[in-house]
Amino acid sequence: MKTLVVAEKPSVARDLSDALPGTFQNEDTHYEGDEYVITFAVGHLVQLVDPEVYDEKLKKWRMADLPIVPEEFKLAPRDPKAKKQLKAIHKLMKRDDVDRIINACDAGREGELIFAYIYETADIEKPVQRLWVSSMTKQAIREGFEKLRPGEELQPLEAAARSRSEADWLIGMNATRAATIRGRAWVGGVVSLGRVQTPTLAMMVKREREIQAFTPEPYRLVRARFDPRYEGMWFEGDETRIFGDLSRAEQIAEKVTGKDGTVEKMEQKEQSERPPLLYDLTSLQRDANRRFGFSARRTLQAAQSLYEDKKAITYPRTSSRYLSGDMVPFLKPTAETLVPIGDYAAAARYVLGLDRLPLQRVVNDARVDDHHAIIPTDVEHPVDRFSPDERRIFDLVARRFLAVFHPAARYQRTEVVTFVEDERFRTRGKITLEPGWRGVYGLESDLDKQARAAQDEETADESAELPELEQGQAVKCVEAEFEDKQTKPPPRYTEATLLSAMETAGKRIDDEELREAMKDSGLGTPATRAETIEVLIRREYIERAGKELQPTPKGLQVITMLEEHPLTSPELTGDWEKRLSDIEHGSGDRDDFIKGIVDLTTQTVEQIAALDKEKLRPERVELGPCPRCGAETGEIIKENSRAYGCTSWKSREEPGCGYVIWKRVAGRTITPEIARQLIENGRTTEVLSGFRSKAGKPFRARLVLNEEGKVEFDFPARAQTKEPAVAE
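Throughout this description, residue numbers start from 1 for each chain and increase along the sequence as written. Totals for whole chains, interfaces and linings use every residue, but because this is a predicted model, local features are given only for residues with pLDDT of at least 70 and side-chain atom pairs only at 80 or more, for both listing and counting. Water and hydrogen atoms play no part in the side-chain values, which are based on all heavy atoms of the structure.

Asker: Got a sec to walk through the overall build of the protein chain? Specific residues and values, please.
Answerer: Only DSSP runs of H or I reaching four residues or more are called helices, and only runs of E reaching two or more are called strands; each is numbered from the N terminus. Along the backbone of the protein chain there are 24 helices and 26 strands. Along the first, second and third principal axes, the C-alpha atoms of the protein chain reach 95 × 85 × 50 Å. Here's how the labels work: a residue is buried when its accessible area is under 20% of the maximum for its type, exposed when over 50%, partly exposed in between, all with a 1.4 Å probe on protein chains only. For the protein chain, the residues scored as buried account for 51% of the 728 residues in total. In this analysis, two residues are considered to be in contact whenever any of their non-hydrogen atoms come within 4.5 Å of each other. By sequence separation, contacts in the protein chain at least 24 residues apart represent 72% of the contacts at least 6 residues apart. A total of about 35000 Å² of accessible surface is found on the protein chain, and carbon and sulfur atoms cover 47% of it. For the charge count, each Lys or Arg is scored as positive and each Asp or Glu as negative, with His and the chain ends excluded. Every charge is mapped to an atom, namely NZ of Lys, CZ of Arg, CG of Asp or CD of Glu. Positive and negative side-chain charges in the protein chain, numbering 112 and 128 respectively, have mean positions lying 4 Å apart. Here the open area of atoms and residues is found with the Shrake-Rupley method and a 1.4 Å probe, where only the protein chains shown may cover a residue.

As structure tokens, then:
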């Protein structure tokens, strides 16, 4: 008799055949050996069927037919290619000489669902065991086959996976149909809504509205230079900025320039900074976005390739930042594999030289569910064969793994308060006493550069060298100057900050250990967040503008439609995610969860059905007189659903003067502000990013209007020689 092994992808099936004993024949849809038959899915082969399969009349989208809640969910192959492979797997499952089946799909929620749907549609009763590995090395696979888990043990995980799938279908199908019926005319086309994508979009729209409503307020800073040589920033209480009567800054600068003062306070204290926790997928995606401009999807693709193809890192789709106790014997051997790689040799030798590894913040069995944190594997790493993306992601993982076993970085922080003519100036300095874990990144690491770049201008000179000073020492104010500043609106989300916001359901939490405790209540899971961002981009609800993500007019309109509905609430969706996690761990009730989702679906449909169509009508901006005919006719440029055009246009037969700026240019949305710049100045004030060529490659350019009034690209010299590494 033989054992059938079902892998998630062809490449994994090949790896399994390499690791298992015996020789295997490649039979196109499977590998056959004396003891094992190894077959493979190609991701999700089976999906929940569309509404019209339940009832032909549901082909037509009508509000009266909503909500659609099947009594029992039906399954079908995704497409003809999936149907062919599914049929081949079913045939193997039904073979008389196959007496047991091993589920070797990815060890997580989606892998469990892929297998569960394949097995259900096969309509067989054969015992199932589960292969659960966190690394694709041959040794890890062989050990996994020695410790196969009974299929029943994974029932809660399967229940959570099915619940997630059915919840997304119920909300996605019903809310999308209702919103499209009610809002298609104003939003344009299908209005796609979803359990995770809609609250994520709502967070971005909320931020965009804060930016649009923001009114900059002028203020002034006063900086002074003292002898002996150091600088200070004027302050009063906790405030360094002067608002309102701005002339006060000028008066302070005049009052103290050339005057004698004293060092009123001189305080030095030591501070330490512990190494950051190991990576889970979300924190890895955040760092790769901050440092290399990688999208979340690009990071996941590189990490998945390092895991599956190169066997260089452990399972990447993890939500844990800790290791389990049974891994301790493998930690030094893993560090040993990094010694031959020049960049890591010194740090790896330090770890190998420790008598006892500091494990208190590294090992925590209670914080490891399905998979532990991402670390390098304990095999040789041929980094010269890695792609550039793989090399960068491996570098992050390897350095973080080594850093976590290094001591805290130690600093001496100095604060000086200088008193001159009844005014106080503060100076801060910071000296590295012991680089500790930061030495793994080099003394002036990317982390340091980022931290300094992110500082407010008031504290940006914190790392300045200070002369020897004593309390009570006499000094002289050589010169004082004021600077004009303006308050800034909140920043738009980048992929890094959006991933953080999704992880904490919109709550601002900087402390990484506190954020860790919020994980089960985030939007989506580490494995799905990258795809959620890509879905919002594909739907044209958000777009990349350089490193920033911003909602499009279409995205803004969708959230306006759903104003204050629970579906837009990150907290509510975070609560659903927590309940899915409870089901996964055996402490939640699947039926209760689905009942709650049905109630939310019904509520969503009713609220959208009750919307006043007039309230859905989007505000259309007016951009002033038409440059072509406005002086003679008084016609203006007004926004419509697809363009900014002259109001002389009545129909195809009466096109008027024909002046138009289309809203989409090379895959990028042209906002009213960009259109205004083109009309008033004939060009955009800045070089814009977010464009895509016909071949799909990203590029940056300034937009200009030619003599005929058509939009053209003006490529800056540096963009021609060096394309940004941001988009993909």
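So that's the structure; there's more coming.
Asker: How would you explain the environment of Ser641 if you had to name every residue and give the values?
Answerer: Within the secondary structure, Ser641 sits in the loop between strand E19 (636-639) and strand E20 (643-646). Its relative accessible area of 49% is what places Ser641 among the partly exposed residues. Once the C-alpha coordinates of Ser641 and Lys554 are considered, the two residues, 87 residues apart in sequence, prove to be 9.2 Å apart. Among all residues touching Ser641, those that are not within four sequence positions of it are Arg620 and Lys663.

Asker: If you had to explain the sheet that holds strand E25 (residues 698-705) to someone new, which residues and values would you point to?
Answerer: Only strands joined by at least two bridges in the DSSP assignment are considered to pair. With antiparallel pairing, three strands are arranged side by side in an open sheet as E24-E25-E26. The open sheet has two edge strands with one neighbour each: strand E24 (688-692) and strand E26 (711-714). The average undirected angle you get between the axes of adjacent strands in this sheet is 65°. Taken together, the three bridges between E24 and E25 define a ladder with antiparallel strand orientation. Directly across from Leu688, in E25, lies its bridge partner Ala701. Helix H23 (residues 672-681) contacts E24, E25 and E26 of the sheet and is inclined by roughly 45° relative to E25. Note on geometry: axes are C-alpha line fits, over the in-contact stretch for helices, and angles between N-to-C directions span 0 to 180 degrees.

Asker: With reference to specific residues and values, describe the pattern of salt bridges.
Answerer: A side chain with one charge can pair with a side chain of the opposite charge if their charged atoms come near. Salt bridges are defined as contacts in which a side-chain nitrogen from Lys or Arg sits within 4 Å of a carboxyl oxygen from Asp or Glu. For the coordinates displayed, the defined rule picks out 53 salt bridges. Put simply, Arg391 and Asp343 hold a salt bridge, and the shortest N to O gap is 3.5 Å. Placement of Arg391 in helix H13 (residues 388-403) and of Asp343 in the loop between helix H11 (328-336) and helix H12 (345-352) is noted, with a sequence separation of 48 residues between them. In this structure, the salt-bridge partner of Arg544 is Glu495, at a minimum N-O distance of 2.8 Å. Of this pair, Arg544 sits in strand E16 (residues 542-545) while Glu495 sits in helix H15 (residues 495-503), placing them 49 residues apart in sequence. Looking at Glu495, the relative accessible area reads 3%, which means it is buried. Through salt bridges with shared partners, a single network forms among Arg109, Glu110, Arg164, Asp168, Arg195, Glu577 and Glu584.

Asker: Report on the packing of helix H7 (residues 197-213) against H15, specifying residues and quantitative values.
Answerer: Across the interface, H7 lies against H15 with an axial gap of 11 Å and an inter-helix angle of 120°. The orientation of H7 with respect to H15, classified from their angle, is oblique. Classified by chirality, the crossing of H15 by H7 is right-handed. The segment H7 lies against H15, with Thr200, Met203 and Met204 engaging Leu498, Ala501 and Met502. Polar here means any residue other than Ala, Val, Leu, Ile, Met, Phe, Trp, Tyr, Cys and Pro, which are nonpolar, and Asp, Glu, Lys and Arg, which are charged; Gly is therefore polar. Grouping the amino acids of the contact of H7 with H15 by side-chain chemistry returns five nonpolar, one polar and no charged. Note that the term roughly parallel is reserved for angles under 35 degrees, roughly antiparallel for angles over 145, roughly perpendicular for angles of 65 to 115, and oblique for everything else. By convention, the crossing between two helices is left-handed when the near helix turns anticlockwise from the far helix through less than a right angle, and right-handed when the turn is clockwise.

Asker: Give me the lowdown on the nonpolar core, citing residues and values where you can.
Answerer: Grouping buried Ala, Val, Leu, Ile, Met, Phe, Trp, Tyr and Cys residues that are joined through side-chain atoms within 4.5 Å yields what is termed a nonpolar core. Met93, Ile101 and Leu193 are the most contacted members of the largest nonpolar core, which has 79 residues in total. When residues of this core are assigned to their parent elements, the largest contribution, eleven residues, is made by helix H6 (residues 155-187). Beyond its immediate stretch of four places on either side in the chain, Ile101 contacts Leu4, Val6, Met93, Phe115, Tyr119, Ile124, Lys126, Pro127, Val128 and Gln129. Judged by nonpolar contacts, the second largest core, of 68 residues, contains Leu131, Phe401, Ala409 and Tyr411.

Asker: Before we move on, could you go through helix H19 (residues 570-584) and cite the residues and values that matter?
Answerer: An ideal rise of 1.5 Å per residue puts 21 Å on 15 residues; H19 measures up with 21 Å between its terminal C-alpha atoms. Buried residues along H19 sit against helix H4 (109-122), H6, H7 and helix H20 (590-609). In the segment just after H19, Gly586 is the residue with positive phi, at about 80°. One fewer than the residue count of a helix, multiplied by 1.5 Å, yields its expected span.

Asker: Explain the environment of Glu120 residue by residue, including any values.
Answerer: On the secondary structure map, Glu120 appears in helix H4. Residue classification places Glu120 among the partly exposed positions, given a relative accessible area of 38%. Spatially, the C-alpha atom of Glu120 lies 33 Å from that of Val191, the residues being 71 residues apart in sequence. Those residues within four positions of Glu120 in sequence are excluded, and the remaining contacts are Leu75 and Arg162.

Asker: Outline the side chain of Thr200, supporting the account with residue identities and numerical values.
Answerer: With respect to the helices and strands, Thr200 occurs in helix H7. Leave out the neighbours within four places in its chain, and Thr200 touches Leu498, Met502, Leu523, Thr532 and Leu536.

Asker: If you had to explain helix H17 (residues 526-538) to someone new, which residues and values would you point to?
Answerer: Turning to H17, its buried residues number three or more, namely Pro526, Arg529, Ala530, Thr532, Ile533, Glu534, Val535 and Leu536. Phi for Glu540, located one or two positions after H17, is positive at around 65°.

Asker: Explain the pairing of strand E15 (residues 474-486) residue by residue, including any values.
Answerer: In terms of strand pairing, strand E10 (residues 218-227) meets E15 through ten bridges, oriented antiparallel. Its bridge partner being in E15, Val222 is matched across the sheet by Phe482.

Asker: Can you tell me about the packing of aromatic side chains, naming the residues and giving the values?
Answerer: Any two of the Phe, Tyr and Trp rings considered here, Trp counted by its six-membered ring, make a pair once their centres fall within 6.5 Å; the pair's planes then place it as stacked at under 30 degrees, edge-to-face at over 60, or tilted in between. This structure, assessed with the given rule, holds 19 aromatic pairs. Between Tyr219 and Phe243, the ring centres sit 5.3 Å apart and the planes meet at 45°, which makes this aromatic pair tilted. Taken together, the residues span a long stretch of sequence, with Tyr219 in strand E10 and Phe243 in the loop between strand E11 (230-235) and helix H8 (247-256) at a distance of 24 residues. Residue classification places Tyr219 among the buried positions, given a relative accessible area of 4%. Accessibility expressed as a relative area gives 28% for Phe243, which makes it partly exposed. Aromatic pair Trp437 and Tyr441: ring centres 6.0 Å apart, planes at 90°, arrangement edge-to-face. Using a relative accessible area of 2% as the deciding quantity, one classes Trp437 as buried. Counting every residue linked through ring pairs, the aromatic cluster contains Phe691, Phe699, Phe713 and Phe715. In this scheme, Lys NZ or Arg CZ marks a charge over a ring once it lies within 6 Å of the ring centre and within 35 degrees of the ring normal. Directly above the aromatic system of Trp132 lies the positively charged group of Arg149, at a separation of 5.1 Å from the ring centroid. The positively charged end of Arg207 is found above the aromatic ring belonging to Tyr493, 4.4 Å away from the centroid.

Any functional reading would require information that these geometric values do not contain.
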